[in-house]
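Single-letter residue listing:
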Amino acid sequence: MKRSFILLLLLFTLAKSYGQAQPVTATKPPAEMIGNFEDDYEIRYTISDTLWLQLPDTRFHIIKWNRDKKYIIAKNDKKNPGDGNLYTRIDYMNFNNMDPWKWGYCLTVYNAATDVIAEATAAADRDNPKKGCGGYPFSRMKKLK
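Residues numbered from 1 in each chain as written. Predicted model: local features only at pLDDT ≥ 70, side-chain atom pairs only at ≥ 80, totals over all residues. Heavy atoms only, no water.

(A) Quick peek at the nonpolar core. Among the nonpolar cores identified, the biggest contains 15 residues, and Ile47, Trp52, Ile72, Trp103 and Tyr105 are the most heavily contacted of them. Contributing elements (two or more residues each) for this core: strand E2 (44-47), strand E4 (58-66), strand E5 (71-76), strand E6 (87-94) and strand E7 (103-112). With three residues, the top contributor of residues to this core is E4. Apart from residues no more than four positions distant in its own chain, Ile72 is found in contact with Met33, Trp52, Ile62, Lys64, Trp65, Thr88, Arg89, Ile90 and Tyr92. (Core = buried A, V, L, I, M, F, W, Y, C linked by side-chain atoms within 4.5 Å. Buried < 20%, exposed > 50% of the residue type's maximum accessible area, 1.4 Å probe, protein only. Helix = DSSP H or I, 4+ residues; strand = E, 2+ residues; numbered from the N terminus. Contact = heavy atoms within 4.5 Å.)

Okay, here's the thing in structure tokens:
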């Protein structure tokens, strides 16, 4: 009886945690992506290792940085203007010879039900940065002083 209870408790705990956000990983973000930025639409951002803030009031709480595959998984803030408490995958890429634009990003998915679904979403097409973000260009980012 005791063994059955422990097994049942373990299964309940696993089922309850399935699909929930994972803790922030130890992977550090690229240094060039931390700070204050402006994109080519004149939207401003503040990015840290745990928060992507698109001014004035859109926040993405970063769960995971995947530096090898160049994407971020984040939970949308519950107070965002749209898609609150859902999950986002942000794909990014570096630019060469495009000063002052050093890198760009794509909100590959911004309304996934779980972080697992967001991460499983197919990556943006970095080979075609002018249309590789769902038919749109990657937003180009420049660092503000």
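(B) Molecular detail of the packing of aromatic side chains. Applying the stated rule across the entire model yields six aromatic pairs. On the numbers, 5.7 Å between centres and 75° between planes, the contact of Tyr45 with Tyr105 is edge-to-face. In this pair, Tyr45 is assigned in strand E2 and Tyr105 in strand E7, connecting sequence segments 60 residues apart. A centroid spacing of 6.1 Å and a plane angle of 80° characterise the contact between Trp52 and Trp103, whose relative ring orientation is edge-to-face. Here Trp52 is found in strand E3 (residues 51-54), whereas its partner Trp103 is found in strand E7, with 51 residues between them in sequence. Taking the relative accessible area as the measure of exposure, Trp52 reaches 0% and is therefore buried. Using a relative accessible area of 1% as the deciding quantity, one classes Trp103 as buried. Clustering of aromatic rings is evident, with ring pairs tying together Phe37, Tyr45, Trp52, Trp103 and Tyr105. (Phe/Tyr/Trp six-rings, centres within 6.5 Å; stacked < 30°, edge-to-face > 60°.)

(C) Molecular detail of the sheet that holds E7. Read around the closed barrel, the eight strands follow the order E1-E2-E3-E4-E5-E6-E7-E8; overall the barrel is antiparallel. The mean inter-strand angle of the sheet, taken between neighbouring strand axes irrespective of direction, is 35°. Bridge count between E4 and E5: six bridges; the pairing is antiparallel. Of the residues in E5, the one forming a bridge with Lys64 is Ile73. (Pairing = 2+ DSSP bridges. Axes fitted to C-alpha atoms, helices over the stretch in contact; angles between N-to-C directions.)

(D) Broad picture of the pattern of salt bridges. Taken as a whole, this structure holds seven salt bridges when the rule is applied. Taking the shortest distance from any N to any O, the salt bridge between Lys64 and Glu119 comes out at 2.6 Å. Taken together, the residues span a long stretch of sequence, with Lys64 in strand E4 and Glu119 in helix H2 (residues 115-120) at a distance of 55 residues. You can call Lys64 partly exposed: its relative accessible area is 25%. For Asp91, the salt bridge goes to Arg89, with nearest N and O atoms at 3.0 Å. Given a relative accessible area of 5%, Arg89 falls into the buried group. (Salt bridge = Lys/Arg side-chain N within 4 Å of Asp/Glu carboxyl O.)

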